[in-house]
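Chains, contacts and geometry: an overview
So the chains spell out like this:
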Amino acid sequence: MELPVTSPDSGGRNKVSYTIETRNLSYALPSLYDEFSWIFCCNIPKIPQKFIIKDVNCEARPGQITAIAGPSGAGKTTLLEILAGKISPTKVTGQVLVNGHPVNAKCFRRLSGYVTQEDALFPLLTVEETLMYSALLRLPGGKKEAANRVGVLIKELGLEHVAGSRVGEGSNKGISGGERRRVSIGIELVHDPAVILIDEPTSGLDSASALHVISLLQLMVVNQGKTIVLTIHQPGFRILELFDRLVLLSNGCVLHNGSLKYLEERIKFSGLQIPPHINVLEFAIDVTGSIVIQTSETPNIHFYLKDHGEKRESLRVDDKEFTISNHNDIVEKCPFYSNSHIEEILILGGRFCKNIFRTKQLFATRIIQALVAGFILGSIFMNVDNNLGQVALQTRLGFFAFSLTFLLSSMTEGLPIFLQERRIFMRETSRGAYRVSSYVVANTFVFLPFLLMVGLLYTVPVYWLVGLRRNMDGFLYFAMIVWMVVLMSNSFTACFSALVPNFIMGTSIIAGLMGSFFLFSGYFLSKEKIPNYWIFMHYLSLFKYPFECFLINEYGGKGGKRCLESERGECKLFANDFLRQQDLKESQKWSNLAVMLCFILGYRVLCYLILWYRCYRTRS
């Protein structure tokens, strides 16, 4: 079923409302037997499945807040993730229906809003900028339409006083936890979805902030007729009164699906008395073993009784004229991306730039690091080539090797930033905000000028202080190689940040591979002495090609007739002869450059494929 497409209404009202219903919904954790059944013998008995949720029947209506409650481990978040389309429908038995029809998970993810329990936000962007970038990516109509929507949303969320404040995170000074939670909700509200799914909206908040967030959601229900489904653990009295419908879970089974008043009647029918100092839900969670599991066989006389509260809820929706679409209202078109490739690249590029320039650890530190390293290395290796002999030659080679080690290793410091962005990237792409290719291209183009600046700040002092070939073409070629090296390192880090699960594993893998690349570069062992079964590492080494380019630039071309070693006034080794000893040719000056460019593009393409596969697994 294709879902109806609705656009944001300036009046805050949606043309189409959605009723979500589950029928006999079950989800079990995949066992090792299921994953590797082709290995085991047929005689081995199948391991029983462990169900997270089992035979769940519940309903969420427009114009209502439906709360999924229960003790820890009851399956609340799992049920919400199935409704949000985060868990593949192929792994679930039973049905999820939207307006009485099987849901199209891909379309529903883009039409609805899903807020996770953890706030994944850029800490260095302001509240207004965070909402603005989300609006630009998810709304058609350009900056004017996005600015109008963000202005309205900031007022609705009560964030006017912190609109210009940075979000912050952890020890960074920023907005409060309740305000950060409202920003997370606002990101999913920019395209004015008719359905909002929120995982633990009050988690980690004080009672006043929690009440503020739920009151905000209740206003959206009353004024805009949205369908809101949220999970909650143990809310207080005031918050509990704002819920229209309650789904109580225990061990993955539904104990109650209806109003709070109906739950109270069921508890009394079970022969239990609710103490005056405990609210209904808290008491129900404590005595879940005494409440009969609600199934299709449960007698209607007791458990499907419609109380006055349920009637009032349905009347409220009709009074506000929020209509539920039928099959004829459904548009056979899934909503696509709001922007073109170019527009997405420009929007994402602007956001990347702001994050880079505001990240002092990334921007200022790398600039200072490049300058200081250039001057220090230049002063250490100053005018080494004034002396002829084997020692001077080895010293120059050591300078080239150390420069590459410094340049390649220093760029891997961006790994934590890439990993932080990946969480936000996964959330945004899963909701259809932009294409994976746009993200990778924008990230690549933004780092081109930034890394060029870093490369030049290192090259300018070190090249002239060390006393390398004093020609402008030699300097420009050296600067180009340095730029390509930092681009290779950046692409390499981006690729593995898309692959590794966390920072510790990422640093371990990157450090190990960088060490291996250096070992097989040809500096320690010549190509002839590397064992045949390791020769592939020589050609994959990120050190090999720029190291050879440095040698050719310094000792090839017009500098090929320079004397490197002399004895009693007679030259024993010319620069050209040294390059022949290293099995290097002048033509490799440009072919190696092409190989380095292929490494840059190759790691970026690999990064794209890994991210695309991650998104594909999330979607399907």
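Higher on the page you've got the structure.
Because the structure is a prediction, the values reported are computed rather than measured. (Residues numbered from 1 in each chain as written. Predicted model: local features only at pLDDT ≥ 70, side-chain atom pairs only at ≥ 80, totals over all residues. Heavy atoms only, no water.)

Here we look at the overall build of the protein chain
- The helix and strand tally for the protein chain stands at 23 helices and 12 strands.
- Counting over 620 residues, the protein chain shows a buried share of 53%.
- Of all intrachain contacts in the protein chain linking residues separated by at least 6 positions in sequence, the fraction that spans at least 24 positions is 77%.
- When the accessible surface of the protein chain is summed, it comes to about 28600 Å², and 59% of that surface belongs to carbon and sulfur atoms. (Helix = DSSP H or I, 4+ residues; strand = E, 2+ residues; numbered from the N terminus. Buried < 20%, exposed > 50% of the residue type's maximum accessible area, 1.4 Å probe, protein only. Contact = heavy atoms within 4.5 Å. Areas by Shrake-Rupley, 256 points an atom, 1.4 Å probe, with all protein chains shown as cover.)

Quick look at the pattern of salt bridges
- Throughout the structure, instances matching the rule amount to 16 salt bridges.
- We note a salt bridge from Lys-354 to Glu-129, for which the minimum N-O separation is 3.2 Å. Note that Lys-354 is positioned in helix α13 (residues 341-358) and Glu-129 in helix α4 (residues 127-138), a separation of 225 residues in sequence.
- Among the ionic pairs, Arg-138 bridges to Glu-188, the shortest N-O distance being 3.3 Å. In this pair, Arg-138 is assigned in helix α4 and Glu-188 in helix α6 (residues 177-189), connecting sequence segments 50 residues apart. Per residue, the accessibility class of Arg-138 equals that of Glu-188, and both read buried.
- One connected set of salt bridges, linked through shared partners, spans Glu-129, Lys-354 and Arg-358. (Salt bridge = Lys/Arg side-chain N within 4 Å of Asp/Glu carboxyl O.)

Section: the side chain of Glu-188
- Given a relative accessible area of 3%, Glu-188 falls into the buried group.
- A polar side-chain atom of Glu-188 sits 3.4 Å from the main-chain amide nitrogen of Tyr-114.
- Those residues in contact with Glu-188 that sit more than four places away from it in its chain are Ser-112, Gly-113, Tyr-114, Val-115, Arg-138, Pro-193, Arg-427 and Arg-431. (Polar contact = N/O pair within 3.5 Å; in protein donor to acceptor, adjacent residues only side chain to side chain.)

A few points about helix α16 (residues 415-430)
- The end-to-end C-alpha distance of α16, which contains 16 residues, comes to 22 Å, matching closely the 22 Å that a straight helix rising 1.5 Å per residue would cover.
- Directly after α16, the chain includes Gly-432, whose backbone phi takes a positive value near 75°. (Expected span 1.5 Å × (residues − 1).)

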